[in-house]
Each structure stands twice: as C-alpha cells, then as structure tokens.
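# Geometric and topological summary
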Amino acid sequence: MKQIALYGKGGIGKSTTAANLSAALAGEGLDILQIGCDPKHDSTRMLMHGTWIPTVLDLIRERGDESITADDVVYRGFRGVRCVEAGGPEPGIGCAGRGIIATFQLLERLDALKGDVIVYDVLGDVVCGGFAMPMREGYAQEIYLVTSGELMSIYAANNIAKAIARLSRRVRSRCTLGGVICNAKNIEGERELVEEFARRINSRLIAYIPRSRVVQVAELQKQTVVEYAPESDQAAVYQELARTVYGNETTSIPTPLEMDELESFALEFVQV
Amino acid sequence: MNSNPSPSNSSRFEGCTLTGALSVLTEVRDAVSVIHGPAGCTHHNFSLLHATHLANDRLEVPRLLSTRLTENGIIFGGEDALEETIAQALSLSPASVFVLSTCIVETIGDDVAAICAKSRGVPVIPVPTAGFLGGVFETGVKNALSSVASLAGPADAKTLSANLIGEKNLEYGVDENAAEIERLLSRLGIPVNLRFVRGLGTLDIGRLGSAAVNILREPALRPVGEDLEQRLGTPYVDSFPVGLAGTCRFLEEVGRICGIDASIAVEEERAHQAEMLGRFDDIAGSRVHFQSPHPMLRGDPGAEAICTECAEALDLSVDPDGAAIPLPYPAPVGTAGLGRMLHRWRVLIREKRRG
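What you are looking at is a predicted structure, and each value in this text was computed from that prediction instead of being measured.

## Comments concerning the interface of chain B and chain A
- At the interface, nine residues of chain B touch 12 residues of chain A.
- Taken together, the two surfaces of chain B and chain A that pack against each other cover about 850 Å², and 66% of this comes from carbon and sulfur.
- It is Glu71(B), Ile75(B) and Phe76(B) that lose the most area in chain B upon contact with chain A, and together they represent 68% of the buried surface on that side.
- Summed over the shared surface of chain B and chain A, the number is one salt bridge.
- The salt bridge involving Glu71(B) is made with Arg98(A); its shortest N-O contact spans 2.6 Å.

Here it is in structure tokens:
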C-alpha cells in the first residue's frame, strides 16, 4: 500500500489535483482511498459528483464515536474511489488539529485505512501538530508539495518542507518528500522557477500541470477532468501524474530555504 | 505559596495555578466554583482541598463543579458545556459563581470571559487559571484575590480597621497567624475588618473597601496590594510581620499608615518579646546550626535572618557541630510564631544534648 499526502497553500488547487490524481489512479485499476483533511471538507466533492458527504467529525459530534461504522464515513465516488472527509469544528471555535487526530484514530479503529493507494489531501499549511498527522509514522510516506510560481505559494511550500524535515528526523519516521507539483497560474517562467525551487530544497519537479479552462468547466459539471473530458490534454496530464506518482521511488529529505535565501531566490527569478 | 498543611514538611513551591486560585475561592463559602476543563483537574483539586480541610479539622466539602470536557469538547469547543455547567451551578442557588479556566481550554481559545459576561442575576466571575502560561500556585492566588475583589466597590468612608489579604488558607497555622495579627493590631486599637479571603460570604466582600489598611500575607502579593490601593484607595503593608525587630517595625508601619502613634505599642511588644524569650532561658548558650528543611526544599528567603536574630537574642552560638535546626517555611509570623519556632528548637537542642 502506498500512502501519499498533498500539501500546499490554500486555493492552490490541491483538491482538484488530488481528486484528478485519485480518479486517474483508479483508472489504472487501483483501489484508492482519498481522505480530505481540511475543515472545509470539499476535497472529494468532484469525485462524489457534487455531493457533500457527511464528515467524520460531524458524525462524531452528532452521535458520538461509539456507533460509527466504516460505511458511515467511507463513500464510493467516481471509479469506485473511496472518499472520506475529516471535517472539523465550526469556524472560530474548538481545535481543528485535534479533530484531524481524532479522525485518524477512528479510521484506524474502523480499519478503514486500506487500499492500493491512500491519498491525503491536507489543509493549506501545517499550522499545528494535528495537521502534521498525515506525515506521522504509519501514514503518508511520501509528501507532494503543490505550488504555483507565486511567491506566497512557494513560501507555504517551503514551510511544509520544514515540517517534513523536522518529522523525518524522528526515529522510525518514514516521511519523505516525493516531489513538487507545479499547478500553474500561467506566470512567465513559472515552470523554471518552481523547478529551481524544487532543486534548492533537495527535491524535483515531478509534474507541471498547465492552467486549463477545462478544469473550471468540469468543476461546474461537478466532475473531475478525468471523468468530464477523458480525452482532453488536461486529463492526459493527470494520467501522467498518476503514473509518475505511483511509480515514484525517488524521494528525499528536504532542505528548506532560510528566509533570506527565499528572498534572494525570489529576486533572481521575478522580473520586476 | 504553601499548600501543604504538615508543619514538618510545609514547603510547596510553584504548583498548579488552579489550586492556588481554589485555595482562595473556596473560602467564599456561599459561592460555587466552576472549573472549565477535564474532570481530572477538578477531582485533583477537590481531593487536595478536602484532605487539607480534614487535616485542619474542618468537615467541609469544597463546592466545585467541572465542565468535564472530553476530546469532543476540545475539538468542537467547550463553550456550550461551560454554559450548561454554569446553569447547573446556578441551580444550587449560590450567591456568586467563579469560573476557572484550565490549560486545555485556554489552548483551544474558549472565550470564558465572554460566556461569564452574560447577565444571570448572580455575579459570574471569570478567573484566569491556565497554568501552562507560566503561572504557579501563587499566580492563582493573586488572580483569585483580584477576581473576588471585583465584587467590592469603594466604601463611603474608611473606618479604623484592617483587612488581612491573601492568608495562606492551606497552611497549618493559618488561624494562629491571623490571631497573632489581631493581637498585634489590638495594641494599636485596630480591629480586623475582613479576612480576605477566609470564611466569607459573598455579601461580606462589599466591606473590603472600608478598612484603613490592607495587610498582605507576604510580599509576593504586592501586585494585589497595588491593585486594591488603586481600586479602593486602601494603602497596604506588604507582609505579615516576621522576626523580633520586624514585628515592632510592623506596628510602626501600621501606625504610620493609620495616623496612630505606635511608640507605646512597640514598647509593650518589646516587653512581651523579652518575656517570651525568657521562657527559653534553658537553651541559652547552646550550639546550633541552621540547614535547609530538606535537600529537595528551599527555606523561606527571609528565614535565615530571623533564625540568626533569635540565636543572638538567646545567646546561642552557630557551630557546624551544633544541633541541626531546619530553616522554617514559611517564616514564623509575629512574636507568637517565633515562640512556636523556639519551642521546636528546644526539642531539637535537648535531643542533641541527650545524643
């Protein structure tokens, strides 16, 4: 079983990438589980054709965790991809990070963490220990950073690299960086910039996903691109990503940039 | 601040902020304290307070309620549970309710003060007590004293009387120490107005502002003294008296603040001290040496000076081969406290003589 996690700045396209990746992996005949680890709980929505599935934490809140079964929290979407949403507390109260930990403990107890590939789609930044849960021992061994060429997005990716570097120092840790995925915003020189960033943090660009209108159109149809336009160039990009990730055996311990390195890197690449 | 009642091992430094606050708040006898956190925080403190009261011959059950938070309360926020527990507290018809926070609810950011601010007909007062913020037992005591004081307004007029502020409610000698202060003040003709906080009802707190002087239990309570001075206009003496000369200075200071000539009182107290020392003539000239009460414990910071002063007064010589005398914690209060301390010295000196 391969367990991977996608991390990246909020709004960068993690969920779109994750859902299309899962759909494409399922197209290879693999059994896929995708777990959305964001209180916004919209990770699996395109796989579920627009349905908001009940979140693990909603169920825990409504009826306690005693009577919950795997069927209550795992829903089959497009191509049989099994979908889970962790959910979270109401915005502005409680502790979402602890919610992620509780979700994982419940999924463990329900023996729901299985399949050929588990895809964890995690909130924008590793704001506390709870959101690093998918990186811990026994969960994702490969982290993929999703970023565009925008500096704030690279800054967030660098922060996540810090978390990976920290966790990988632990005894028995198997958490490594699988690579960087550029989800492009159509900025000039974007591919080179992200490629160079990946190199500097001791990783590599494993996929470049160009900006495409078909992503938005598919989303309006509440579908992944892989389902809505299977013959499109964009679908081919996701299929290629799926093959690369599934076959990826080159991972690394990242060497995140210091703030001044990040700033000088920005100056080198961004034409003012 | 000491929360261990045993006179033989009476040192407890640092400790839990919540425990410090509850040592004060449970002395508002018609109040209920709500502890917002896991049940264990309440149970632990309930046990400690209950056992301490029993050891001090008080058959009393601390009036504590827990919001009994579990993991779901942490994930989804504990504010609803707090509302429910405050309602439960109010159903017991208390005259006031204190709401104490714990480490975990401050970590997740439950807004305890905002929940307490709702009007309920009975004062519901938040007391910040999350220990992980760096506070210790003493921080809890200070926060609780300030919170209780928020129930008092400035008095119409000051009367010639004194408040005792922040007595160590869990110490073995708490009432003896208060009696000693009462005795000393009576030399100046000053009665005690309020023991703040010990054995009070919520309505009594209204009298807080009418004393002419506040007498703090120890200098660590100065921020509370300042706070009360600012709010209620009452000047303060920063500590119960310690030592022979210190006790006389205490009388002078209280006299100065209250506009009373203390010279006769001081003279009478000196004579009283001489008479007290006279009762220990039998150990005069003995050899003693002072040591920490236990390798794991520190003595009171001022204890050594007090011991040296008494040794000189009794013509004792300090010698490494002398009888081992543990430095007291806390420092004995007033002349009566010294008398009790010297009594223990006599026992140790006699034991040493017998070998």
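## Observations concerning the packing of helix H1 (residues 14-27) of chain A against helix H9 (residues 233-247) of chain A
Residue and element names in this part refer to chain A.
- Axis separation between H1 and H9 bottoms out at 8 Å; the angle between their running directions is 75 degrees. When the axis of H1 is compared with that of H9, the two are roughly perpendicular. On H9, the residues touching Thr 16, Thr 17, Asn 20, Leu 21, Ala 24 and Leu 25 of H1 are Tyr 238, Gln 239, Leu 241, Ala 242, Val 245 and Tyr 246.
- Counted by class, the contact of H1 with H9 contains eight nonpolar, four polar and no charged residues.

## Description of helix H10 (residues 244-258) of chain B
All names here are of chain B.
- Given a rise of 1.5 Å per residue, 15 residues ought to cover 21 Å, and the 22 Å separating the end C-alpha atoms of H10 matches this to within 8%.
- Among the residues of H10, Leu 244, Gly 246, Thr 247, Cys 248, Phe 250, Leu 251, Val 254, Gly 255 and Cys 258 are the ones counted as buried.
- Downstream of H10 by one or two residues, Gly 259 has phi in the positive range, about 70 degrees.

## Thoughts on the UniProt feature "domain: Nitrogenase/oxidoreductase component" (unreviewed entry) in chain B
- Within the UniProt annotation, "domain: Nitrogenase/oxidoreductase component" (unreviewed entry) is assigned to residues 16-275 of chain B.
- Span residues 16-275 of chain B is 47% helix and 15% strand, its end C-alpha atoms 42 Å apart.

## Considerations on the side chain of Glu269(B)
All names here are of chain B.
- Examined against the element boundaries, Glu 269 turns out to sit in helix H11 (residues 263-278).
- Polar side-chain contacts of Glu 269 include one of 2.9 Å to the side chain of Arg 183.
- Glu 269 has contacts with Arg 183, Leu 184, Arg 187, Thr 247, Leu 251 and Thr 335, leaving out every residue within four places of it along the chain.

## Topic: the sheet that holds strand E8 (residues 236-237) of chain B
Residue and element names in this part refer to chain B.
- The four strands are arranged E6-E5-E7-E8 in an open sheet whose pairing can be described as parallel. This sheet does not close on itself; its edge strands, each paired only once, are strand E6 (192-196) and E8.
- Pairing of strand E5 (residues 159-165) with strand E7 (residues 211-216), which is carried by five bridges, proceeds in the parallel orientation. Of the residues in E7, the one forming a bridge with Leu 164 is Ile 215.
- On the sheet, H10 packs against E5, E7 and E8 and is oriented at approximately 150 degrees with respect to E7.

## Digging into helix H10 (residues 259-269) of chain A
Residues and elements named next belong to chain A.
- Every buried residue of H10 is accounted for by Leu 262, Phe 265 and Ala 266. End-on, the buried residues of H10 take up no more than an arc of 100 degrees, which puts them together on one face. The exposed set on the far side of H10, more than 90 degrees from its buried face, consists of Asp 260 and Leu 267.
- The inward-facing, buried residues of H10 abut helix H5 (151-168) and helix H6 (190-200).

Parameters at a glance
Residues numbered from 1 in each chain as written. Chains lettered and ligands numbered in written order. Predicted model: local features only at pLDDT ≥ 70, side-chain atom pairs only at ≥ 80, totals over all residues. Heavy atoms only, no water. Contact = heavy atoms within 4.5 Å. Buried area = accessible area lost by both parts, 1.4 Å probe. Salt bridge = Lys/Arg side-chain N within 4 Å of Asp/Glu carboxyl O. Axes fitted to C-alpha atoms, helices over the stretch in contact; angles between N-to-C directions. Helix = DSSP H or I, 4+ residues; strand = E, 2+ residues; numbered from the N terminus. Parallel < 35°, antiparallel > 145°, perpendicular 65-115°, else oblique. Nonpolar A, V, L, I, M, F, W, Y, C, P; charged D, E, K, R; others polar. Expected span 1.5 Å × (residues − 1). Buried < 20%, exposed > 50% of the residue type's maximum accessible area, 1.4 Å probe, protein only. UniProt positions renumbered as here; feature names shortened; annotations may be inferred. Polar contact = N/O pair within 3.5 Å; in protein donor to acceptor, adjacent residues only side chain to side chain. Pairing = 2+ DSSP bridges. Arc of directions from axis to C-beta.

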